[in-house]
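Inside the fold
So you can see what is in the structure, the chains are spelled out below.
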Amino acid sequence: MKIWLDGTLQDLEAARVSVFDHGLTVGDGIFETVKSVDGKPFALTRHLDRLVRSARGLGLPEPDLDEVRRACDAVLAANPMPLGRLRITYTGGLSPLGSDRGEAGATLVVALGEATRRPDSTATVTVPWTRNERGALTGLKTTSYAENVVALARAREQGASEALFANTVGQLCEGTGSNVFVVLDGEVHTPPVASGCLAGITRALAVEWTGAKETDLPLDVLERADEIFLTSTLRDVQGVHRVDGRELPGAPGPVTAKAMRVFDERAADDLDP
């Protein structure tokens, strides 16, 4: 396995990041997860645009996107696989212990892991913790992911693959690593970015390709939605057959199945939409 670290392609066993890297000590970093299909990244331009937005929001120096693209190409070429999870991580770099950043510059890591196609439907749970739609990190894809780790562990304990959050005013927000859509009377709805959810790349494409409406939704919409589905880089569009104790028989339902089909067709036609 080869990874890219600060300008060069390195063997996984030899690559080292300092124990004083700000991404490790205080979670001062951003990342993108990009699906690769037969060595080609999907929607890379959109992911890199969001990487820049996250860097600006966190106050990190703007990443050199030419280098990031070179790194992605090199890692994909060095590690051939049919379906992959390409991870771009960009941190505050070598810094003193504490919240202040150092002067050494940012750290860039690009790595690749093998992935498998997700099932057509999955189980989810709601969790008692909330997303803060007014927080300093809202809308940024940062490496400060411990909250998601805790929530996802709760989901795994209950036989589910995803945990769903409300925001501080009780509106449906997002999953730990996905966006959520509901079908009401044949119409597709998803929470707006103002709810505090991440502006997911797959979410944006699903909205564009299915005509979904961005709607403020109470969390209890999950108790009455006709269909529910998730979107994310590696899920694409995935139906939900259970939320907490509620079963949704026949998932993915007809609207979700159409969204899955449309997404697969459009994505196959253009790898960088």
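Our subject is the structure that appears above.
Residues numbered from 1 in each chain as written. Predicted model: local features only at pLDDT ≥ 70, side-chain atom pairs only at ≥ 80, totals over all residues. Heavy atoms only, no water.

**A short note on the pairing of strand β13 (residues 227-232)**
Selection rule: Burial classes follow relative accessibility: with a 1.4 Å probe on protein chains only, a residue under 20% of its type's maximum area counts as buried, one over 50% as exposed, and anything between as partly exposed. Secondary structure elements are defined from DSSP: runs of H or I of at least 4 residues count as helices, runs of E of at least 2 residues count as strands, and each element is numbered from the N terminus. Two strands qualify as a pair provided that DSSP identifies no fewer than 2 bridges between them.
With 6 of its 6 residues buried, β13 lies for the most part within the structure. Here β13 shows no split at all, with E227, F229 and T231 on one side and I228, L230 and S232 on the other all buried. As judged from the 4 bridges shared by β13 and strand β14 (residues 236-243), these two strands associate in the antiparallel manner. What sits directly across from T231, in β14, is V237. If you look at the hairpin formed by β13 and β14, you'll find 3 residues sitting between the two strands.

**Things to note about the pattern of salt bridges**
For clarity, the cut-off: Every case where a carboxyl oxygen of Asp or Glu lies within 4 Å of a side-chain nitrogen of Lys or Arg is listed as a salt bridge.
Using the criterion set out here, one finds 13 salt bridges in the structure. K35 is the salt-bridge partner of D236, the closest N and O atoms lying 2.9 Å from each other. Taken together, the residues D236 in strand β14 and K35 in strand β3 (residues 29-37) connect sequence positions 201 residues apart. Both residues of the pair, D236 and K35, belong to the buried class.

**A look at the side chain of E227**
The condition that has to hold: Counted charges follow a simple rule, with Lys and Arg positive, Asp and Glu negative, and His plus the chain ends left uncounted. Side-chain atoms alone can form a polar contact between residues adjacent in sequence; in general such a contact is a pair of N or O atoms within 3.5 Å, and within protein one must be able to donate a hydrogen while the other accepts it. The contact criterion used is simple: two residues touch if any of their non-hydrogen atoms lie within 4.5 Å.
Tracing the backbone through its elements, the reader meets E227 in strand β13. For the buried E227, no salt bridge is present, and the opposite-charge side chain at shortest range is R246, 10 Å distant. Side-chain polar atoms of E227 contact the backbone nitrogen of V255, separated by 3.2 Å. A polar contact of 2.7 Å, which involves the side chain of E227, links it to the side chain of T256. Residues in contact with E227, not counting those within four places in the same chain, are F181, V182, V183, L248, G253, P254, V255 and T256.

**Observations concerning the packing of aromatic side chains**
What counts here: Aromatic rings from Phe, Tyr and Trp, taking only the six-membered ring of Trp, are treated as a pair when their centres fall within 6.5 Å; an angle between ring planes under 30 degrees marks them as stacked, one over 60 as edge-to-face, and anything in between as tilted.
Inspection of the entire model under this criterion finds 4 aromatic pairs. When the centroid spacing of 6.2 Å and the interplanar angle of 65 degrees are considered together, the rings of F42 and F263 count as edge-to-face. Within this pair, whereas F42 is found in the loop between β4 (40-41) and α2 (44-58), its partner F263 is found in helix α6 (residues 254-269), the two being separated by 221 residues in sequence. In terms of burial, F42 and F263 fall into one category: buried. When the ring of W209 is compared with that of F263, the centres are 5.2 Å apart and the planes differ by 55 degrees; the resulting orientation is tilted. Here F263 lies in helix α6 and W209 lies in helix α5 (residues 201-210), a separation of 54 residues in the sequence.

**Some thoughts on a negative patch on the surface**
The line we're drawing: The residues that make up patches have over 30% relative accessible area and no salt bridge, and they are joined within 9 Å when like-charged or within 5 Å when they are Val, Leu, Ile, Met, Phe, Trp or Tyr. Using the Shrake-Rupley algorithm and a 1.4 Å probe, accessible areas are obtained, with residue cover drawn only from the displayed protein chains. For charged residues, the charge sits on one atom: NZ in Lys, CZ in Arg, CG in Asp, CD in Glu.
On the surface, E265, D269, D270 and D272 cluster together to form a negatively charged patch. Among the secondary structure elements, D272 is positioned in the segment after α6. Look at D272 and you get partly exposed, because its relative accessible area is 33%.

**Some words on the pairing of β3**
The element β3 is largely enclosed, with a buried count of 8 among its 9 residues. Here β3 runs beside β4; their pairing, made up of 2 bridges, is antiparallel. Within the sheet, the bridge partner assigned to V37 lies in β4 and is K40. In sequence, β3 turns back onto β4 through a hairpin of 2 residues, with D38 there showing a positive phi of about 50 degrees.

**Some words on α6**
Put simply, the rule is: To estimate the expected span of a helix, count its residues, drop one, and scale the result by 1.5 Å.
The first and last C-alpha atoms of α6 sit 23 Å apart over 16 residues, in line with the 22 Å expected at 1.5 Å per residue. The set of residues buried in α6 consists of T256, A259, M260, V262, F263 and A267.

**Structural notes on the packing of α5 against α6**
For the record, the criterion: Every angle, taken between N-to-C directions, lies between 0 and 180 degrees, and every axis is a line fitted to C-alpha atoms, over only the stretch in contact when it is a helix. Oblique is the label for every angle not falling under 35 degrees (roughly parallel), over 145 degrees (roughly antiparallel), or within 65 to 115 degrees (roughly perpendicular). Each residue is assigned to one class: nonpolar for Ala, Val, Leu, Ile, Met, Phe, Trp, Tyr, Cys and Pro, charged for Asp, Glu, Lys and Arg, and polar for all the others, Gly among them.
Where α5 contacts α6, the axes come no closer than 10 Å and their chain directions differ by 105 degrees. Taken together, the axis directions place α5 and α6 in an arrangement best described as roughly perpendicular. Seen from α5, the contacting residues are T202, L205, W209 and T210; seen from α6, they are A259, V262, F263, R266 and A267. Taken together, the residues that form the contact of α5 with α6 break down as 6 nonpolar, 2 polar and 1 charged.

**Considering the environment of I30**
Assignment of secondary structure puts I30 in strand β3. Taking the relative accessible area as the measure of exposure, I30 reaches 0% and is therefore buried. Sequence separation between I30 and G92 is 62 residues; the distance between their C-alpha atoms is 9.0 Å. When near neighbours in sequence (up to four residues on either side) are disregarded, I30 contacts L51, S54, A55, L58, L60, I88, T89, Y90, K141, T142 and T143.

**Quick word on the packing of α2 against helix α3 (residues 65-78)**
For the record, the criterion: Crossings are assigned a handedness: left-handed for a near helix turned anticlockwise from the far helix by less than a right angle, right-handed for a clockwise turn.
The interhelical angle for the contact between α2 and α3, taken along N-to-C directions, is 135 degrees, at an axis separation of 11 Å. With respect to α3, the axis of α2 lies oblique. Our pair here, α2 against α3, has a crossing hand that is right-handed. Where α2 abuts α3, its residues L44, T45, L48, L51 and V52 lie against L65, V68, R69 and C72. Grouping the constituent residues of the contact of α2 with α3 by class yields 7 nonpolar, 1 polar and 1 charged.

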